[in-house]
Each structure stands twice: as C-alpha cells, then as structure tokens.
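# Remarks on the overall topology
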Amino acid sequence: MHFFNPPVRMDLVEVISGAHSAEETTDMVADLAESMGKTPVHVQKDEPGFIVNRVLVPLMNEAAWLVDSEEATVEEVDSTTKYGIGLPMGAFELADQVGIDVGYYVLEYMNEVLGEAYEPAPLLAERVDAGDLGKKTGAGFYDYGPDATGADVPGDQVQEAISDQLVAVMANEVAGLIGEDVASADAIDQAVKLGAGYPEGPVAMADDRGVDHLLETLRDRHSATGAARYEPHPYLEEVAADGGFRDPAADESEADSFENIGVTVTDRVGHIELDRPHRMNTINGDLLDELATAVEQFNANDDVRAILLTGAGDRAFSAGADVQSMAAGGADPLNGVELSRHGQSTFAKLEESPKPVIAGIDGYCLGGGMELATCADFRLASDRSQIGQPEHDLGLLPGWGGTQRLANIVGEGRAKEIIFTADQYDPDTLADYGFINEVVASDEIHERAFAFAENLAGGPPIAQKYTKRAIHAGRESEDAGLEVEAQAFGQLMNTDDLMEGVTAFVGDREPEFEGNWPSKTGLEASSAEVGPLSIRETGSAVDEQHHNSQVITTSWQLGDNHITCRHKATHRSYVPGRSLLTPATDITRKTGWIKT
C-alpha cells in the first residue's frame, strides 16, 4: 500500500501487486484501504513511481530540461502549467512544495532502473547540491525568506509550445503505464486526480488535446535533440492510430450500472437524475461516487454537449446530505474531514466540466443539494422550489464547497446572509440575488430545463470550454483570467467552428457547431494577413411594384480563406450598392473577417 502524504488528508492509496500477489490478497488490501475511508487504485505491477510519481516526476524533469536548455524560464513554465494547462500548481511551484530532493532522488532511481529517458536535468542536481530544496529550506526555484513573496506565479506568460511539450511527455508516460500493463487508463486518471489534484486525468487531457498531435510533438523533439525522453512509446503510436486512449461509446455502455442516479443521453444532452425519491434525493457516499463516474463519462463523450442535473420524484431536487449515513461515521473529526473532501472533489468535477452544466431545480434544494446546484453553470427553478443552506441550524457549515462557490455567484454579503440565517428562500428572491437564472412554472420546469440544455448543446464546444476556463481562472487573479482569455481567443481562431460561425452569420442561418479543430488545409491565417479582393454584387435592378428578387454574391476573406455568400434580396431589404449583410465594420469587429 502506498499512502500519499499527509495520509490524514490524502484520499488516495495505490495498491500495488507484487510478482506473486494473489488476487484475493490485493482485494483484501483494497478493502482495508476503503475501511480507512480511502480510495484504493490498483497498480498491476511493482514499477518505479507506481502511477502518480511515474507521471509527475518526469513532468517536473521535463520542465527543468526546458529551463536548462534556455527554451523557457521558470516563470514561463509555471505560468503555462498553472494557467495554460490548468494544473493546481506550477511545475516548479509543486517541486518546491514537495521538496526538490524528493523528485530528484526518484528520478535517479528511475534512471538507474528504467534507462536514460529518466536522466535528471542538471538544474535539479544543482539545486540539490546547493541545498536549495524548496519551501522546507527557505529557497528553491522561488525564495521563501521572511521578506519574500514565495511562489508568485505570473498569469501572463503562457506558452502554447511549452504546453504541448509537457502534455506530450505526460502522454508518453501514460502510454508506457498502459502498454506495459502497469495500470489501466481509468486507474491512471483516478490516481492522478486524487494524488495530485488535477482537474482531469492525464489520459483525458491527452485525448482532449489530440494524441496524434502529441505524438507529432514528440517526434519533432526526438528528431531535433535525439534525447531518449522524447522517443515515442510504441503504445502511444498505436493509440494515436486508433484516435485516442478511450472509446466514448464504451464508456456510454456502462451507464446502466448506476443505482442512485439515472443516466441518459438525448439530443446531445447528458442527463443525470438523482434517483432516491424515497429519501428526497439526499446525497450519500455511493451517490457521490456514481455522480463522479457519470460526469467523467459525459466529459469523455463527444456526443454529449451539455449536462443536465435534475431530481427524481415531485418533492425535491435534493434535500441535502443523507444525515443517517453521515451519522454512521460517528463524531470522528477525521471522518468529517474526509466526508467534506469527498463531496468537494465530486462537485468540483461538475464545476470544472468543459461542457455547460444546467441544474433543473424542482421542490426542495437544501444543504448539499444547493451546493450541488451551485456547481452548475446555470440554474433554473420551479416557482414552488425552496432553496437554502440550513447547516448553521445543525451547528455545521456547508462542507461541499458552499462557503466558496456561493460567494463567487452572489457575492460575499449575500452568501453570508444565506448561510448565517439558514433560511429557505423562494426562487424569485434568489433570482434577484443572481443565483437563479430563470424561474419557471412547476409543471414546465423539466421541459424548460431540457430545452435550455439542448440549446446550449448546440453551441460551440471549444469556445464554451475555454470560456469556463477563463472565467474560473479570473477568480484567483483578473490578470490570470485575462491571459487565459487571450490565449483561448487565439486558439479559437484556429477552429472549424469559427469558419462555420462566420458562414452561418453572413448566410443568415443557424450555425451547426461540431467542435472540430481544422485539418492542415483549414484556417491558419490571422486577420493581420488579410489582403485585398474585389466585392462582387450582381443582379438586375429591383422592381418594387412587382417585388422582383435580386441575387447578390458577396465575398469575405480572412487570410487565404474565403467565404462566398449568395443572397436573394427583395425591394424591402435591398439598397443598390450595399450588401444585405451587417455593415462590414460590425462583422469585422465581431469575427475578424472583413468584406473585400
């Protein structure tokens, strides 16, 4: 059993099978971990670094090599890992926190056992030799002296090339773990999320970025440097040919295994229904586990474009935590801490989902139920709903993120009012507070919530994902949020959705977004490269009395990419010498495309 430090706070236990371990033995060890309130993850072979350190330590090493080779600075790497990739801490910030020597000695062992791909970067050896081991010695990659600011990671130095390189190295490690039967993809993602606090696992991150793109990044680096750490693992090549590590259809087939929630997919909306109506959909540990699994499945399924949360029955969205199951743990403070962290980590999956999340509230939405709704991006409530945080009436506080997320939505003053009074609020009042987006008649709430979700499911998936990321980054620092926004805006200029959006805009139709990045022949130019073309508007003069039509052809351009639109105009809309389109200045400001 490999416990993560500090064991009283960390949920993860890696259960490692030895060469002669019986299945009954590993099952017993996993049961023991669960009896301690931990989450066991099975490691099928006793390999250096097991799962989490096998992923994190080479990532830290690659960060150090980038600085050693003067391809990046410490600030650029940490800005990229924290605000570009979205990891909880910068690579060097984490090394300082854990202790540079810890990672360095793990690398030395990996280098000895696994080969030269794990050769420690000279920068790490220099820090260890100097005794600058990070926070515990007062200095590392950052200064932790009495007057120092510590790890002050900038939010405005994100570099896409650094991001690709680091994620590519991580994907290669993942391929090695899976290809050599050390761990499954699900085990890897679960272990890294629990052990390192990643918002999504490295398998999901690799699939999201495109395994073929990451493979090409490694090949380019290996060709340029000859370094063994860039040599693609054979399994990565195999996965790239298959389109990714995971098959979303396989995940979807597991949906029937849930007991506490109902999971369906209809018209690109993934629907999660809390299904304990006999208990007013109260939330226990099993429901939290199933909810986490369902959200992960939906996140990995490209056919799901929005997530809808509702409660079964006609009494409650959710009346909160299952008090009886909570009481079964006794009054042990450590059990309370673990219960809080369990709910926090599960609800965070919803908040951090790259897809729009909608809560359809009908009836009671109290305590943990309100905290669950708070994780959604949008909240619709029936006019009969009662919503509140009654924890203070029990001598408790909202323990599943409510003290933090609620203030982000309604402001600190209103959040304190809602929590301190422990009152139940009607939805109109909470709409005034900014918590509820829309109040609906009780007999219309389910139909309206689904229609709302279906509409969002038709939006541009990549833009939606990046918008959520930018807004969330801005909670910690406006500068960081603005930098994530700028980086995202630049990336979105290179999507097929932009082409579709502009084509639909100028063609006066609804866009059909697919969430695709372009092929090599797709959009690659920027608005700064726009060159002149001639506008062509053809057709005969308009006969207003006979309502004759006129065909107008208009060309638009961004770089070498062109859209030609044909419109049929009548006397009611056509003015000779002008296009039917929005004035060029407006469409240019909105899209970057100009009429030529």
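The model shown is predicted, which means the values in this text are computed figures rather than measured ones.

Cut-offs and rules
- Residues numbered from 1 in each chain as written.
- Predicted model: local features only at pLDDT ≥ 70, side-chain atom pairs only at ≥ 80, totals over all residues.
- Heavy atoms only, no water.
- Axes fitted to C-alpha atoms, helices over the stretch in contact; angles between N-to-C directions.
- Helix = DSSP H or I, 4+ residues; strand = E, 2+ residues; numbered from the N terminus.
- Parallel < 35°, antiparallel > 145°, perpendicular 65-115°, else oblique.
- Contact = heavy atoms within 4.5 Å.
- Nonpolar A, V, L, I, M, F, W, Y, C, P; charged D, E, K, R; others polar.
- Patch = residues over 30% accessible without salt bridge, like charges linked within 9 Å, V, L, I, M, F, W, Y side chains within 5 Å.
- Areas by Shrake-Rupley, 256 points an atom, 1.4 Å probe, with all protein chains shown as cover.
- Salt bridge = Lys/Arg side-chain N within 4 Å of Asp/Glu carboxyl O.
- Buried < 20%, exposed > 50% of the residue type's maximum accessible area, 1.4 Å probe, protein only.
- Pairing = 2+ DSSP bridges.
- 1 Å grid on protein atoms, 1.4 Å probe; cavity = no way out; pocket = protein on both sides within 12 Å on 5 of 7 lines; lining within 4 Å.
- Points joined across faces, edges and corners; volume = space filled by probe spheres on them.
- Left-handed = near helix turned anticlockwise from the far one by under 90°.

A few words on the packing of helix α2 (residues 52-68) against helix α5 (residues 100-114). Each pair of packed helices gets described by two things: the angle between the helix axes and the distance between those axes. Across the interface, α2 lies against α5 with an axial gap of 10 Å and an inter-helix angle of 105 degrees. Taken together, α2 and α5 sit at an angle that is classed as roughly perpendicular. Along the contact surface, α2 presents N53, R54, V57, M60 and N61, while α5 presents G103, Y104, V106, L107, M110 and L114. Class assignment for the residues of the contact of α2 with α5 results in seven nonpolar, three polar and one charged.

Looking now at a nonpolar patch on the surface. On the surface, M1, F3, L32 and M36 cluster together into a nonpolar patch covering about 340 Å² of accessible area. Its place among the elements puts F3 in strand β1 (residues 2-3). A relative accessible area of 31% places F3 in the partly exposed class.

Now for the sheet that holds strand β8 (residues 357-361). The sheet built from six strands is open, its strands ordered β4-β5-β6-β8-β10-β13 with mixed pairing. Of all strands in the sheet, those with a lone pairing partner are β4 (261-266) and β13 (438-440), marking the two edges. Strand-to-strand twist in this sheet, taken as the mean axis angle between neighbours without regard to direction, amounts to 20 degrees. As defined by bridge partners, strand β6 (residues 306-311) adjoins β8 across three bridges and the pair is classed as parallel.

A water-sized probe, rolled over the atoms, reveals where empty space remains. Each pocket or cavity is described by its volume, and for the second largest pocket that value is around 520 Å³. P460, A463, F489, L492 and L498 are, among the 24 residues lining the second largest pocket, the residues nearest its centre. Top element by residues in the lining of the second largest pocket is helix α21 (residues 461-476). It accounts for seven residues. Residues belonging to the lining of the second largest pocket are distributed by class as follows: 15 nonpolar, six polar and three charged.

Right, let's get into the packing of helix α7 (residues 160-179) against helix α9 (residues 202-209). The geometry of α7 relative to α9 is characterised by a closest axis approach of 9 Å and an angle of 125 degrees between their N-to-C directions. In terms of axis orientation, α7 runs oblique to α9. Along this stretch, α7 crosses α9, giving a crossing that reads as left-handed. Counting all contacts with α7, which are made through E160, S163, D164, V167, M170, A171, V174 and I178, the residues of α9 involved are P202, V203, M205, A206 and R209. Looking at the contact of α7 with α9 residue by residue, the class counts come to nine nonpolar, one polar and three charged.

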